[in-house]
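Notes for the structure review
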Amino acid sequence: MNVKRWVALVVAGVLLLFSLGINTIFALFKADFLGNFDSLMAGNNLDVYENVIEGDNFDKRIAYLKVDGAIQDIGSSTLWQPVAYDHTFFLEQLDNILYDDSIQGVVLSVNSPGGGVKESAEIYKKLLKIKEERQIPIYVSMDSMAASGGYYISAPADKIFAHRDTITGSIGVIMQSINYQALAEKVGVKFETFKSGEHKDMLSPMREVTPEERAMMQDMINETYEEFVDIVEQGRNMSEAEVKKVADGRILGGTKALEAGLIDEIGDEEAAIAALRADYGLEDAALFEYVYDMGGWQSYVGMKIGSMFGPSAEEKMLMKIMTDYSAPKMMYLYGEY
């Protein structure tokens, strides 16, 4: 190892120790001395705090939440690798709102093509619990896309705003699998399967789906679809017939969604916040967001150390192939996955 590399390692080590030391001190003080210590030692959520966006009344506050990206539980942000949408962290935000009496309203910004059935349902149930137990309003602001699962989690809102060019709708369920049996036979690849029952290898990529299995899968899809329709009915005060007019998987722009009753107003995020303030007497309420403090020294050092000691590109690809569980699953999702 040459001198430059040794110097780089020493400098990186010093920066790492300095960063962790400073952040440990701040974390202990900001989290009542012990609140975030376990998380800090695990390398997760080095510091989670509230960032005030506007307003000065802290007795009555509005929580600003954001779902940005596919709604899937792919792990939590860490010092070394932040994720775009952190499902666990988002659920924790909802839990905090449930028990924080100072929060008098919620603005949820949604920019998502949807995602997993399970994850979407988890968010929906917590939002519904907040409405029922806290009796506070939830307004949704749709960004460029709030489709399928993105609409599912928006449905319980008291009022939904969208841009004219927002892509929304896509109400429905999708489940896909790949069949490469013909290709495998062509190149001489043969799979041997041992199973305990006739349908244990349903949706195997190495054989055709039988008519009986197709009927089973369709029944499951239909049941989940009806649950989605029920969610929209209840959230939007629409009849089943009204919902099913547009619940065939189609996408709609903001104007058509307004005509169909899927949203309440055409407007941006600022309009949604202003409407919530005016409708519920929260003009001077502090608007805040929950934030990961992943910037500064820890982000820089994490990136540098990761590049020096982390796995190579080839190792990362191999790890992904070995750990990804790619079995077909039901999705509330618009587009490919």
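Preceding this paragraph is the structure being described.
Given the structure is predicted, the values throughout are model-derived calculations rather than measurements.

A short note on the overall build of the protein
Scanning the protein from N- to C-terminus turns up 12 helices and 11 strands. By the burial criterion, 41% of the 337 residues in the protein qualify as buried. Intrachain contacts of the protein at a sequence separation of at least 6 include 74% that bridge at least 24 residues. Per element, the accessible surface of the protein, about 18,900 Å² overall, is 56% carbon and sulfur.

What to know about helix 3 (residues 87-99)
Here helix 3 spans 19 Å end to end across 13 residues, near enough to the 18 Å set by a 1.5 Å rise per residue. Every buried residue belonging to helix 3 is among His-87, Phe-89, Phe-90, Leu-91, Gln-93, Leu-94, Ile-97 and Leu-98, and all of these are buried. The N-terminus of helix 3 is capped by Asp-86, whose side-chain oxygen sits 3.3 Å from the backbone nitrogen of Thr-88.

Quick look at the packing of aromatic side chains
Given two aromatic rings, one states the distance between the centres and the angle between the planes to describe the pair. By the definition in use, this model includes 8 aromatic pairs. Aromatic side chains Phe-288 and Tyr-290 sit 5.1 Å apart centroid to centroid with 80° between the ring planes, which places their arrangement in the edge-to-face category. The exposure class assigned to Tyr-290 is buried, which follows from its relative accessible area of 12%. Put simply, the rings of Tyr-124, Tyr-152, Phe-228 and Tyr-332 pair up and form one aromatic cluster. A cation sits over an aromatic face here: Arg-61 above Phe-288, 4.1 Å from the ring centre.

A short note on the pattern of salt bridges
The final tally for this structure, using the stated rule, is 18 salt bridges. Residue Arg-277 pairs with Glu-54 through a salt bridge whose shortest N-O separation is 3.0 Å. With a gap of 223 residues between them, Arg-277 in helix 10 (residues 269-279) and Glu-54 in strand 1 (residues 48-54) connect regions that are remote in the sequence. Overall, the relative accessible area of 9% leaves Arg-277 in the buried class. Overall, the relative accessible area of 35% leaves Glu-54 in the partly exposed class.

Re a negative patch on the surface
Taken together, the side chains of Asp-219, Glu-223, Glu-227 and Asp-230 make up a negatively charged region of the molecular surface. Mapped onto the secondary structure, Glu-227 falls in helix 7 (residues 211-236).

Describing the side chain of Thr-168
In this fold, Thr-168 is placed in strand 7 (residues 167-169). According to the relative accessible area criterion, Thr-168 is buried, its value standing at 0%. Not counting chain neighbours up to four residues away, the residues in contact with Thr-168 comprise Met-142, Ala-146, Ala-147, Tyr-151, Arg-250, Ile-251, Leu-252 and Ala-257.

With respect to the nonpolar core
Generally speaking, a soluble globular protein has its nonpolar side chains buried in company with each other. In terms of nonpolar packing, the biggest core is built from 54 residues, with Ile-97, Ile-123 and Leu-262 touching the most fellow members. Sequence-distant contacts of Ile-123, defined by excluding residues within four places in its chain, comprise Ile-71, Tyr-85, His-87, Phe-90, Leu-91, Leu-94 and Ile-153. Counting 12 residues, the second-largest nonpolar core is a separate cluster that includes Ile-62, Tyr-139, Phe-161 and Leu-276.

As for a nonpolar patch on the surface
A contiguous nonpolar surface patch, about 600 Å² in accessible area, is contributed by Ile-178, Tyr-180, Leu-183, Val-187, Val-189 and Phe-191. Within the secondary structure, Phe-191 sits in the loop between helix 6 (181-187) and helix 7. Judged by its relative accessible area of 46%, Phe-191 falls in the partly exposed class.

A closer look at helix 4 (residues 117-134)
The end-to-end C-alpha distance of helix 4, which contains 18 residues, comes to 25 Å, matching closely the 26 Å that a straight helix rising 1.5 Å per residue would cover. The set of residues buried in helix 4 consists of Val-117, Glu-119, Ser-120, Ala-121, Ile-123, Tyr-124, Leu-127, Ile-130 and Arg-134. With its phi angle positive at about 55°, Gln-135 sits one or two positions after the end of helix 4.

Thoughts on unusual backbone geometry
For Ser-148, which is not a glycine, the phi torsion comes out positive at approximately 50°. Relative to the helices and strands, Ser-148 is located in the loop between strand 5 (138-147) and helix 5 (149-152).

Let's talk about the packing of helix 3 against helix 4
Between helix 3 and helix 4, the least distance of the axes is 9 Å, while the angle of their chain directions is 10°. It follows from the interaxial angle that helix 3 and helix 4 lie roughly parallel. For the pair formed by helix 3 and helix 4, the contact residues are His-87, Phe-90, Leu-91, Leu-94, Asp-95, Ile-97, Leu-98 and Tyr-99 on the first element and Glu-119, Glu-122, Ile-123, Lys-126, Leu-127, Lys-129, Ile-130, Glu-133 and Arg-134 on the second. Grouping the constituent residues of the contact of helix 3 with helix 4 by class yields 9 nonpolar, 1 polar and 7 charged.

Structural notes on the side chain of Glu-213
Examined against the element boundaries, Glu-213 turns out to sit in helix 7. The exposure class of Glu-213 is buried, given its relative accessible area of 1%. Apart from the residues within four sequence positions on either side, Glu-213 is in contact with Glu-198, His-199, Met-202, Arg-207 and Glu-208.

Section: the environment of Met-175
Of note, Met-175 is situated in the loop between strand 7 and helix 6. As for Met-175 and Gln-218, which are separated by 43 residues in sequence, their C-alpha atoms are 9.7 Å apart.

The rules behind the values
- Per chain, the residues get numbers from 1 upward, laid out in the order the sequence is written.
- Owing to the predicted nature of the model, reporting of local features is limited to residues with pLDDT of at least 70; listing and counting of side-chain atom pairs is limited to 80 or more, with chain, interface and lining totals taken over all residues.
- Heavy atoms throughout the structure, all of them, feed into the side-chain values; hydrogens and water do not.
- Note on conventions: DSSP H or I runs of at least 4 residues are helices, E runs of at least 2 residues are strands, and numbering of each starts at the N terminus.
- Burial here depends on accessible area, computed with a 1.4 Å probe over protein chains only, as a share of the maximum for the residue type. Under 20% is buried, over 50% is exposed, and the range in between is partly exposed.
- By definition, residues are in contact when any of their heavy atoms lie within 4.5 Å.
- The Shrake-Rupley method, run with a 1.4 Å probe sphere, supplies the accessible areas, and residue values consider only the shown protein chains as cover.
- Take the residue count of a helix, subtract one, and multiply by 1.5 Å to get its expected span.
- Identification of polar contacts relies on pairs of N or O atoms within 3.5 Å, with a donor-acceptor requirement for protein atoms, meaning one able to donate a hydrogen and the other able to accept it, and with residues adjacent in sequence counted only if both atoms are side-chain atoms.
- Pairing of aromatic side chains here covers Phe, Tyr and the six-membered ring of Trp, requires ring centres within 6.5 Å, and sorts the geometry by plane angle: under 30 degrees stacked, over 60 edge-to-face, intermediate tilted.
- We call a charge positioned over a ring when the NZ of a Lys or the CZ of an Arg lies within 6 Å of the ring centre and within 35 degrees of the ring normal.
- Only one rule defines a salt bridge in this text: a Lys or Arg side-chain nitrogen within 4 Å of an Asp or Glu carboxyl oxygen.
- Patch membership requires more than 30% relative accessible area and the absence of a salt bridge. Residues of like charge join within 9 Å; the nonpolar side chains Val, Leu, Ile, Met, Phe, Trp and Tyr join within 5 Å.
- For this count, His and the chain ends are skipped, Lys and Arg are scored as positive, and Asp and Glu as negative.
- To locate a charge, take NZ of a lysine, CZ of an arginine, CG of an aspartate or CD of a glutamate.
- By nonpolar core is meant a set of buried Ala, Val, Leu, Ile, Met, Phe, Trp, Tyr and Cys residues that side-chain atoms within 4.5 Å join together.
- Only C-alpha atoms enter the line fits that serve as axes; for helices the fit covers just the stretch in contact. Angles between N-to-C directions range over 0 to 180 degrees.
- These descriptions rest on fixed angle ranges, namely under 35 degrees for roughly parallel, over 145 for roughly antiparallel, 65 to 115 for roughly perpendicular, and the rest for oblique.
- Nonpolar residues are Ala, Val, Leu, Ile, Met, Phe, Trp, Tyr, Cys and Pro. Charged residues are Asp, Glu, Lys and Arg, and all others, Gly as well, are polar.

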